[in-house]
Amino acid sequence: MKPPVLQAEGLRVTFPGKGRRQGVTAVDDVSLRIDRGETLGLVGESGSGKSTTGRAVLRLVPLETGRIHVDGEDVTRYRGAQLRRLRRQMQMVFQDPYSSLDPSAPVGSSIAEPLRVHEKMAKQARRDRVEELLDLVGLRPSHADRYPYEFSGGQRQRVAIARALALHPRLIVCDEAVSALDVSTQNQVINLLEDLRERFELSYLFIAHDLAVVRHIAHRVAVMYLGRIVESGPVERVYSQPAHPYTQALLSAIPVPDPKRRGAKRILLSGDLPDPSAPPPGCPFHTRCAYAMDVCKREMPAMTPVAGGGETACHLQTTGPTLAGRPLSEKEVPA
Ligand SMILES: Nc1ncnc2c1ncn2[C@@H]1O[C@H](COP(=O)(O)OP(=O)(O)OP(=O)(O)O)[C@@H](O)[C@H]1O
Ligand SMILES: [Mg+2]
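The rules behind these values
Residues numbered from 1 in each chain as written. Chains lettered and ligands numbered in written order. Predicted model: local features only at pLDDT ≥ 70, side-chain atom pairs only at ≥ 80, totals over all residues. Heavy atoms only, no water. Pairing = 2+ DSSP bridges. Helix = DSSP H or I, 4+ residues; strand = E, 2+ residues; numbered from the N terminus. Axes fitted to C-alpha atoms, helices over the stretch in contact; angles between N-to-C directions. Contact = heavy atoms within 4.5 Å. Near = heavy atom within 4 Å. Polar contact = N/O pair within 3.5 Å; in protein donor to acceptor, adjacent residues only side chain to side chain. Areas by Shrake-Rupley, 256 points an atom, 1.4 Å probe, with all protein chains shown as cover.

Asker: Help me understand the sheet that holds strand 11 (residues 303-305), please; the structure alone is not making it clear to me.
Answerer: Sheet strands associate in pairs through backbone hydrogen bonding, adopting either a parallel or an antiparallel arrangement. If you trace the 8 strands from one edge of the open sheet to the other, you get 6-7-8-3-9-10-12-11, paired in mixed fashion. With partners counted over all chains shown, the strands left at the sheet margins are strand 6 (90-94) and strand 11, one partner each. Along the sheet, successive strands turn relative to each other by an average axial angle of 20°, direction set aside. Direction of pairing for strand 11 relative to strand 12 (residues 311-313): antiparallel, over a ladder of 3 bridges. Directly across from Met 303, in strand 12, lies its bridge partner Ala 313. Docked against the sheet, helix 5 (residues 153-165) engages strand 6 and strand 7 (171-175), running at close to 170° with respect to strand 6.

Structure below.
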């Protein structure tokens, strides 16, 4: 068995406070595994720590604790030239391609930039490789001379993907990469990502707040709440039998084309996300959880396996009336 492309354990990232602003532990005890050719979806409300997790695995933010293995090699302490080499293998695609594409340069030069910087490739070789990359993402060679503003949102995202592919990465972190696109363009870009994954045995960490999108592309999904992963598992199990009340609430907020769940009442998330700089004690979700018990206010639940695959951090799984790992009946859905 090949080692996973990415194995992260116990990641913790804290942003220090400034002046009267409290520090925030944006990522707390997060562990992830992504195999070769696999897509892991990462979902959760705004501010739950998804982007920071993506940046942490690429070693773009300092880790307070935790270990990161890439292809079986411990890269946690990589620096300098080692880190630069590592970053070639792991790329990021953002929601807003303007953050990776220079608006004042033809896209061909943005796509060629990593080739120039990292590979010291000669001009003609670079031009050939840019054409090849444009072709891979379904664009024409002549597109190289156009500026980012001359593209549609979907085309611009294709350009960003071409740039990310330039150095033959193994892992691409897609941070809300299709979130700004309309549904049909989203589908086209997702199909492209799927083709590329199969062709090059790529792995994705696919970050999105839209659970419907993640269902289409991910093999496994991890759900974040206030910096922690509260549930993870194969997409089929998590979407049909969510174990954590937070996952259940997130899923019930989207129209699910599953006849078994159709007609089920929506579980609305009551209240706002607590202040991430002062998370509640015990289970971080207890302040909004319809099933909160006394123990939830005191003790952080440990990750425990769920029937059907994956795991969840919820006291319901080990104590009390277990709802975990099976769909809610009509009676159990809180009004
Ligand atoms: N550079 C930073 N400095 C200080 N705090 C930060 C920084 N980046 C993120 N945070 C804080 O860390 C927490 C997690 O932020 P993050 O951007 O990772 O969330 P997210 O899940 O990606 O949210 P969104 O869905 O809105 O993109 C938030 O409380 C945020 O305010
Ligand atoms: Mg984000």
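Asker: In this structure, what is going on with the site of ligand 1? I would like to understand it.
Answerer: Neighbouring ligand 1 are the residues Phe 15, Val 24, Ala 26, Glu 45, Ser 46, Gly 47, Ser 48, Gly 49, Lys 50, Ser 51, Thr 52 and Pro 276. Backbone polar atom of Gly 47 to an oxygen atom of ligand 1: 2.8 Å apart, as the coordinates give it. Between Ser 51 and ligand 1, the recorded distance is 2.8 Å, taken from a side-chain N or O atom to an oxygen atom. Protein chains shield 63% of the accessible area of ligand 1, which is 630 Å² for the free molecule. If you list the elements that add at least two residues to the shell around ligand 1, you get strand 2 (24-34) and helix 1 (50-57). The dominant element in the shell around ligand 1, judged by the number of residues it contributes, is helix 1, at 3 residues.

Asker: I keep staring at the sheet that holds strand 4 (residues 65-70) and nothing clicks. Help me out?
Answerer: The strand order across the open sheet formed by 4 strands is 2-1-4-5, and the pairing between neighbours is antiparallel. The sheet is open, and its two edges are formed by strand 2 and strand 5 (73-74), each paired on a single side. For strand 4 and strand 5, the ladder comprises 2 bridges, and the chain directions are antiparallel. Pairing of Val 70 across the sheet is with Glu 73, part of strand 5. Against the sheet, helix 1 engages strand 1 (6-15), strand 2 and strand 4, with an angle of about 120° to strand 1.

Geometry only, nothing functional implied.
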